[in-house]
Amino acid sequence: MRSVRGAQPGKLATAMLAALALTGCTGAAPHGERVRRAASAPTSTTRPVTGPSLQFAVAAEPIDCQDPSSPALHCVLGGSAVTGRFGKLRIYHEVRLGPPSRDGCAPATLDGSVSGGGWSLPLRGGGRWCGRETTLRYRLGGPRGGRGTISYRRSPLGTATETLR
C-alpha cells in the first residue's frame, strides 16, 4: 500500500478522522450493525468515551494476544470495516508485549496501518494490554496525524472487534 499521491499522511489522517466525526461514522460494522456513536460501557480497563467511532471485525493470533502454552511477546491482529464515505477499510497491526504485571496486564506497543482503496496510513500506539478487553492510545498518520484510542474486545461468542475513537 502507499500513501495517497500528493497528500501528506498527517493531513489525510486528520481529514479522515474529521470526516468520520462529521458524518457520525455511519459505516456498517460486522453483521450489518451500525457503527456506534454512543458511549461505550465502562470496564475495569476503560472509562466511558463519547463521540464518533469506527468498528472493525478482527482476528488476533494468538487469541486475545495471550497463549497460555507459550510466553508470546507479540501478536498480530487484522480485520476490516465498511463505511459509507471511505468504502472498505482494513486494519492490520502487530502488538509487542512486555512482561505481564501481577494484574495480568502487560505493557504494549502497536505498529501497523489502516488502509483503503489505494492508500495506507501508519497506525502506532501503546498502553497496557489486558487480554479480552483492552484500550490503547494511538496516532494515525504519523507525528502530525490524528490521535485517539483503540479498544479490543472479544465477545463470549468468540468474535472480536477493534474500535477506533
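Refer to the preceding data block for the structure.
**Points about the pattern of salt bridges**
Inference 1: Considering all chains together, one arrives at 4 salt bridges under this definition.
Inference 2: A salt bridge links Arg154 to Asp64, with the nearest nitrogen and oxygen atoms 2.7 Å apart. Taken together, the positions of Arg154 in strand β7 (residues 146-154) and Asp64 in the loop between β1 (54-61) and β2 (74-83) put the pair 90 residues apart, joining distant regions of the chain.
Inference 3: Exposure remark for Asp64: the relative accessible area of 6% places this residue in the buried category.

**What to know about the pairing of strand β8 (residues 160-164)**
Inference 1: Most of β8 is tucked away: 5 of the 5 residues are buried.
Inference 2: Residues of β8 alternate between two faces, with Ala160, Glu162 and Leu164 on one and Thr161 and Thr163 on the opposite face, all of them buried.
Inference 3: Hairpin connection between β7 and β8: a loop of 5 residues separates the two successive antiparallel strands, and Gly158 in this loop has a positive phi of roughly 100°.

**Description of the environment of Asp103**
Inference 1: Of note, Asp103 is situated in the loop between β3 (87-97) and β4 (106-116).
Inference 2: Sequence separation between Asp103 and Cys130 is 27 residues, and the spatial gap between their C-alpha atoms is 8.5 Å.
Inference 3: For Asp103, the side chain forms a polar contact with the main-chain nitrogen of Cys105, separated by 2.9 Å.
Inference 4: Here Arg128 takes part through its side chain, which lies 2.5 Å from a polar atom of the side chain of Asp103.

**Details of the pairing of β7**
Inference 1: With 7 of 9 residues buried, β7 is to be regarded as a mostly interior element.
Inference 2: Summarising the sheet, strand β6 (residues 133-140) and β7 pair through 8 bridges and their orientation is antiparallel. Looking at the pairing, Arg137 lines up with Thr149 of β7.
Inference 3: Between β6 and β7, which pair antiparallel in sequence order, lie 5 residues; one of them, Gly141, sits at a positive phi of approximately 95°.
Inference 4: Across 5 bridges, β7 lies against β8 in antiparallel orientation. Directly across from Ser151, in β8, lies its bridge partner Thr163.

**Brief notes about the state of the cysteines**
Inference 1: Evaluation of the coordinates by the stated rule reveals 2 disulfides.
Inference 2: With its sulfur 1.7 Å from that of its partner, Cys65 forms a disulfide with Cys75. On the S-S bond that ties Cys65 to Cys75, the torsion sits near 60°, and the link is right-handed. Of this pair, Cys65 sits in the loop between β1 and β2 while Cys75 sits in strand β2, placing them 10 residues apart in sequence.
Inference 3: Across a sulfur-sulfur distance of 2.0 Å, Cys105 and Cys130 are joined as a disulfide pair.

Basis of the calculations
- Sequence order as written defines residue numbering, which begins from 1 separately in each chain.
- This being a predicted model, a pLDDT of at least 70 is required before a residue's local features are given, and a value of 80 or more before pairs of side-chain atoms are given or counted; all residues contribute to the totals for chains, interfaces and linings.
- The side-chain numbers reported here are obtained from all heavy atoms of the structure, hydrogens and water having been left aside.
- Throughout this description, the term salt bridge denotes a Lys or Arg side-chain nitrogen within 4 Å of a carboxyl oxygen of Asp or Glu.
- Helix and strand assignments follow DSSP, with helices taken as H or I runs no shorter than four residues and strands as E runs no shorter than two, numbered in order from the N terminus.
- The buried label goes to any residue with under 20% of its type's maximum accessible area, the exposed label to any with over 50%, and the partly exposed label to all in between, with areas taken from a 1.4 Å probe on protein chains only.
- Pairing between two strands requires that DSSP report at least two bridges joining them.
- As used in this structure description, the phrase polar contact means that two N or O atoms lie within 3.5 Å; if the pair is within protein, one of them must be able to donate a hydrogen and the other to accept it, and residues adjacent in sequence are counted only when both atoms belong to side chains.
- Counting rule for disulfides: a pair of cysteine sulfur atoms within 2.5 Å.

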